Amino acid sequence: CEMLVGLKPGFVRFPGGCVVEGASLSSRWNWKETIGDKSQRRGLYNVWGYFNTYSLGYHELLQLCEDLNADAMYVCNVGMSCTARQPSEYVQGEELKPLVQDALNALEYAMGPVTSTWGAKRAANGHPEPFKIKYIEIGNENGGQIYQENYRVFYDAIKAKYPDIITIADE
């Protein structure tokens, strides 16, 4: 950790890369499966073919940002699997709503009060004080018409609840 501290990063982007998207939507990184008791985290084979134990999960990544005094940049799935792997998958309309809610829940886990559902889970995991997420990247290396339409849905929902968060678009 001393080497990371020595780098003095301004921000940490996580979970990063195609792991956010998954080779399919069912194999995307699911932040809820990466919190809590490490022995109960199921893990997942990622897009590169190796097993991710989820031992370094969402909570730990938030804690890392805090420990490094670096701004957190959370990357959420925008309803698209990795487009470099064909066939890729996407959802829109009503099917997109659970993913938008998932992103809002992730932000609530990090920044919500302990009286909120996800803020209470953060507190139960040992961090009653909110973390701070300065940035949210909506999607990962996505582009095109579907991305633009989905981005707008996420943007509107996120900004309605977290107007000060800085959103980042791909393309």
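Given the structure is predicted, the values throughout are model-derived calculations rather than measurements.

Draft legend 1. Seen up close, the overall build of the protein. When helices and strands are tallied, the protein shows five helices and six strands. Counting from the amino terminus, helix and strand elements in the protein follow one another as α-β-β-β-α-β-α-α-β-α-β. In terms of overall dimensions, the protein is globule-like: its C-alpha atoms have a radius of gyration of 16 Å, near the 16 Å expected for 171 residues. Principal-axis analysis of the C-alpha atoms gives the protein an extent of 40 × 40 × 30 Å. For the protein, buried positions account for 47% of its 171 residues. Taking the intrachain contacts of the protein between residues at least 6 apart in sequence as the baseline, contacts between residues at least 24 apart amount to 66%. Summed over its atoms, the accessible surface of the protein is roughly 8800 Å², and 54% of this surface lies on carbon and sulfur atoms.

Draft legend 2. Region of the structure containing the state of the cysteines. Within this structure, the stated rule accounts for zero disulfides. The closest cysteine sulfur to the non-disulfide-bonded Cys18 is located on Cys82, 3.5 Å from its own sulfur. We classify Cys18 as buried; its relative accessible area is 12%.

Draft legend 3. Region of the structure containing the sheet that holds strand 6 (residues 166-169). Ordered in space as 1-4-5-6, the four strands form an open sheet in which the pairing is parallel. The sheet is open, and its two edges are formed by strand 1 (11-14) and strand 6, each paired on a single side. Across this sheet, the average inter-strand angle for adjacent strands is 20°, counted without regard to direction. Examined bridge by bridge, strand 5 (residues 133-138) and strand 6 share four bridges and lie parallel to one another. Its bridge partner lying in strand 6, Glu137 is registered against Ile168. Packing of helix 3 (residues 97-111) onto the sheet brings it into contact with strand 4 (71-76) and strand 5, and relative to strand 5 it is tilted by some 165°. In the packing of helix 5 (residues 144-161) onto the sheet, contacts are made with strand 4, strand 5 and strand 6, and the angle to strand 6 comes to roughly 175°.

Rules behind the numbers
- Residues numbered from 1 in each chain as written.
- Predicted model: local features only at pLDDT ≥ 70, side-chain atom pairs only at ≥ 80, totals over all residues.
- Heavy atoms only, no water.
- Helix = DSSP H or I, 4+ residues; strand = E, 2+ residues; numbered from the N terminus.
- Rg over C-alpha atoms; globule rule 2.2 N^0.38 Å.
- Buried < 20%, exposed > 50% of the residue type's maximum accessible area, 1.4 Å probe, protein only.
- Contact = heavy atoms within 4.5 Å.
- Areas by Shrake-Rupley, 256 points an atom, 1.4 Å probe, with all protein chains shown as cover.
- Disulfide = S-S within 2.5 Å.
- Pairing = 2+ DSSP bridges.
- Axes fitted to C-alpha atoms, helices over the stretch in contact; angles between N-to-C directions.

Keep in mind that these numbers describe shape and distance, not what the molecule does.
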